[in-house]
Amino acid sequence: HSSLQQKRATEEMMTTISKQEAEIADSITATDKQLAEVNTKLGALCLAKQEQDETEDDRASAIGQVAVERTVLVESRKLLEQLLSGIHCSYFGFLALFTTKTT
């Protein structure tokens, strides 16, 4: 009876870990898409000719805002990667613990 409960708990834990991995992987994919869009926007701003009613300060401010957005996305992606790595470590640690107990 205890072994059956342990097996169910293990399966639930594995399912939870898999779901978390998938959610984080989806977030990384979404961040990559946003990053590509921001890079395109930043490139376009840098290459665009200055409008007549636009000051150099306006242009620099717009480029600066997009550059900050890019930096935030890059750092967010790094954090998501670390989180995913942590989940992998937890998963393999849990798996090793479970394997050791059952053998």
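Heads up: the structure comes first, above all this text.
Being a predicted model, the structure only gives us computed values, none of them experimental.

Rules of the game
Residues numbered from 1 in each chain as written. Predicted model: local features only at pLDDT ≥ 70, side-chain atom pairs only at ≥ 80, totals over all residues. Heavy atoms only, no water. Helix = DSSP H or I, 4+ residues; strand = E, 2+ residues; numbered from the N terminus. Rg over C-alpha atoms; globule rule 2.2 N^0.38 Å. Buried < 20%, exposed > 50% of the residue type's maximum accessible area, 1.4 Å probe, protein only. Contact = heavy atoms within 4.5 Å. Areas by Shrake-Rupley, 256 points an atom, 1.4 Å probe, with all protein chains shown as cover. Lys, Arg positive; Asp, Glu negative; His and termini not counted. Charge placed at Lys NZ, Arg CZ, Asp CG, Glu CD.

(A) Up close: the overall build of the protein chain. Check the secondary structure of the protein chain and you find two helices and zero strands. Taking 103 residues into account, the globule formula puts the C-alpha radius of gyration at 13 Å, and the protein chain, at 23 Å, lies well above it. Within the protein chain, the fraction of its 103 residues that count as buried is 14%. Considering only residue pairs separated by 6 or more positions, the protein chain has 78% of its internal contacts joining residues 24 or more positions apart. Summed over its atoms, the accessible surface of the protein chain is roughly 7600 Å², and 57% of this surface lies on carbon and sulfur atoms. Between the centroid of the 11 positive side chains of the protein chain and the centroid of its 16 negative side chains there is a distance of 10 Å.

(B) Seen up close, the environment of Asp-26. Structurally, the position occupied by Asp-26 is in helix 1 (residues 2–47). Considering only alpha carbons, one finds Asp-26 and Leu-79, 53 residues apart in sequence, at a separation of 14 Å.

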